[in-house]
Amino acid sequence: MTLVSEIRLRQVLDSRGNRTVEADVVTESGGFGRAAAPSGASTGEYEAIELDPSEAIASAREHAVPRLEGKVFVGDQRDVDRTLRAADGTDDFSEIGANSAVAISMAASKAAADVTGAPLYQHLGGAFRGEEFPTPLGNVIGGGEHAADATAIQEFLAVPVGAPSVQDAVFANAAVHQEVHDLLAERDIAAGKGDEGAWAPSIEDDEAFELMAEATDAVADEVGFDIKFGLDVAGAEMYDEDDEEYVYRETTRSTDEQIEYIADLVEEYELAYVEDPLDEDDYSGFAELTEKVGDRTLVCGDDLFVTNVERLATGIEQGAGNSILVKPNQIGTLSDAVDAVELAVENGYEPVISHRSGETEDTTIAHLAVATGAPYIKTGAVGGERTAKLNELIRIEQNVSRL
Ligand SMILES: O=C(O)[C@@H](CO)OP(=O)(O)O
Ligand SMILES: [Mg+2]
């Protein structure tokens, strides 16, 4: 075991051109790891706190770095993460920032993997990992908080359920993205891209459903395996608390109507996945929808659970959802993220390891997905910061990844 000898923190750019925290961790034996914090736009109310990167760095240098350097063994991830929590001293990382915490936590894991010479997924998951791979959920049409004047539903995601390999799955999602572009062009609909590289046309959700159905069918015919699709509704972003209704482009829906609407969509389009169909406080709405369609589709909590075991435990108690989105920066450390995966799996909830809308070229989540044997990963379909993770999965599948 080797001690952390030095932690360097700096500001770098994320995919939106915003500043974010990058950490380097160096060990006494010369191991090295580097990681950067991603950042959300449709952030949940109960997420750990992201500070302005310069404040996060200053605070981490004052409170966390002195407790880690020369004191903590880099391979003891739980101790690294416990030390970050103790240095912060709050429940939500509001002192050093979840952005500093997650960058240091992930960089430490990479430094530890470097020391042992193992790929990161093996360091995190053990010698027998690397046989099971997640199905990638690929965002191909989107709007909500990720693009102005586009669909009300935040993400329409291709789900290549029948793909024989990660590589086939990743290529299929990119092909669906391309097919949607061609269908939009045929209909003379102009579209730029949203924050995650999905097409962001100014269309009603109904039309997006048609496009997704057509595009996934066309690509499935070409590749010869089944491709379904799913949604991130990002319900909390469309919920108007005063009027107690969900606000779409041209219409509004009460909670009951929203549950009915989503259940009908699951039926009509055989949706494989529905994330945040309801507001982040609505455990009972989630439970009602799960009761209706949970045997046919994944009902996933993102803003509902925020990768937090306490919130997940409440959901499990109430039967709210059957799946959890896992974003390390939402909770602050890798240990916390793994705890959420483990609690989910023990209770029959499917974990989906996820990127943020603001990303970097960091590939930690690809390794985390393989390390935990997660059945799904959500990390976009195209765009350098998205393909960084997807291409890393392809390399891991070929067993040629390092860091
Ligand atoms: O809502 C989400 O699931 C994410 C990622 O797609 O978006 P953001 O990072 O903006 O919260
Ligand atoms: Mg979401």
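Residues numbered from 1 in each chain as written. Chains lettered and ligands numbered in written order. Predicted model: local features only at pLDDT ≥ 70, side-chain atom pairs only at ≥ 80, totals over all residues. Heavy atoms only, no water.

A. Structural context of the coordination of the magnesium ion (ligand 2). Asp-232 (OD), Glu-275 (OE) and Asp-302 (OD) make up the full set of protein donors to the magnesium ion (ligand 2), lying at 2.0 to 2.2 Å. One chain supplies every donor for the magnesium ion (ligand 2), spaced along it as D-x42-E-x26-D. Taken as a pair, Glu-275 in strand E12 (residues 273–275) and Asp-302 in the loop between strand E13 (298–301) and helix H11 (309–318) lie far apart in primary sequence, 27 residues in all. Assigned by exposure class, Glu-275 and Asp-302 land together as buried. (Donors = N, O, S within 2.8 Å, 3.2 Å for Na, K, Ca; no water. Helix = DSSP H or I, 4+ residues; strand = E, 2+ residues; numbered from the N terminus. Buried < 20%, exposed > 50% of the residue type's maximum accessible area, 1.4 Å probe, protein only.)

B. Here's a closer look at the nonpolar core. Within the largest apolar cluster, 109 residues are counted, with the highest numbers of intra-cluster contacts made by Leu-9, Val-180, Phe-209 and Ile-353. Examining the composition of this core, we find that 10 residues originate from one element, helix H4 (residues 98–116), more than from any other. When residues no more than four places from it in sequence are discounted, the contact partners of Val-180 are Val-140, Ile-141, Trp-199, Met-212 and Ala-215. In terms of nonpolar packing, the next biggest core, distinct from the first, is built from 10 residues, Leu-137, Tyr-273, Leu-298 and Tyr-376 among them. (Core = buried A, V, L, I, M, F, W, Y, C linked by side-chain atoms within 4.5 Å. Contact = heavy atoms within 4.5 Å.)

C. Representation of the pattern of salt bridges within the structure. In total, this model carries 30 salt bridges according to the counting rule given. One salt bridge connects Arg-187 with Glu-210, and the closest N-O pair in it is separated by 3.3 Å. With Arg-187 in the loop between helix H6 (166–186) and strand E6 (191–193) and Glu-210 in helix H7 (residues 205–223), this pair connects stretches of sequence that are 23 residues apart. With a relative accessible area of 41%, Glu-210 lands in the partly exposed category. Across the pair Lys-378 and Glu-275 runs a salt bridge whose closest N-O atoms are separated by 3.0 Å. You can see Lys-378 sitting in strand E16 (residues 376–378) and its partner Glu-275 sitting in strand E12, a full 103 residues away along the chain. Where salt bridges share partners, they join Glu-6, Arg-8, Arg-10, Glu-22, Asp-24 and Arg-34 into one cluster. (Salt bridge = Lys/Arg side-chain N within 4 Å of Asp/Glu carboxyl O.)

D. Region of the structure containing the sheet that holds strand E11 (residues 252–253). An order of E9-E10-E11 is seen for the three strands of this open sheet, with the pairing classed as antiparallel. Each edge of the open sheet is held by one strand with a lone partner, namely strand E9 (239–240) and E11. Strand direction decides the pairing type here: strand E10 (residues 245–247) and E11, joined by two bridges, are antiparallel. Across the sheet, the residue bridging to Val-247 is Thr-252, located in E11. (Pairing = 2+ DSSP bridges.)

By themselves, these figures tell us nothing about what the structure is for.
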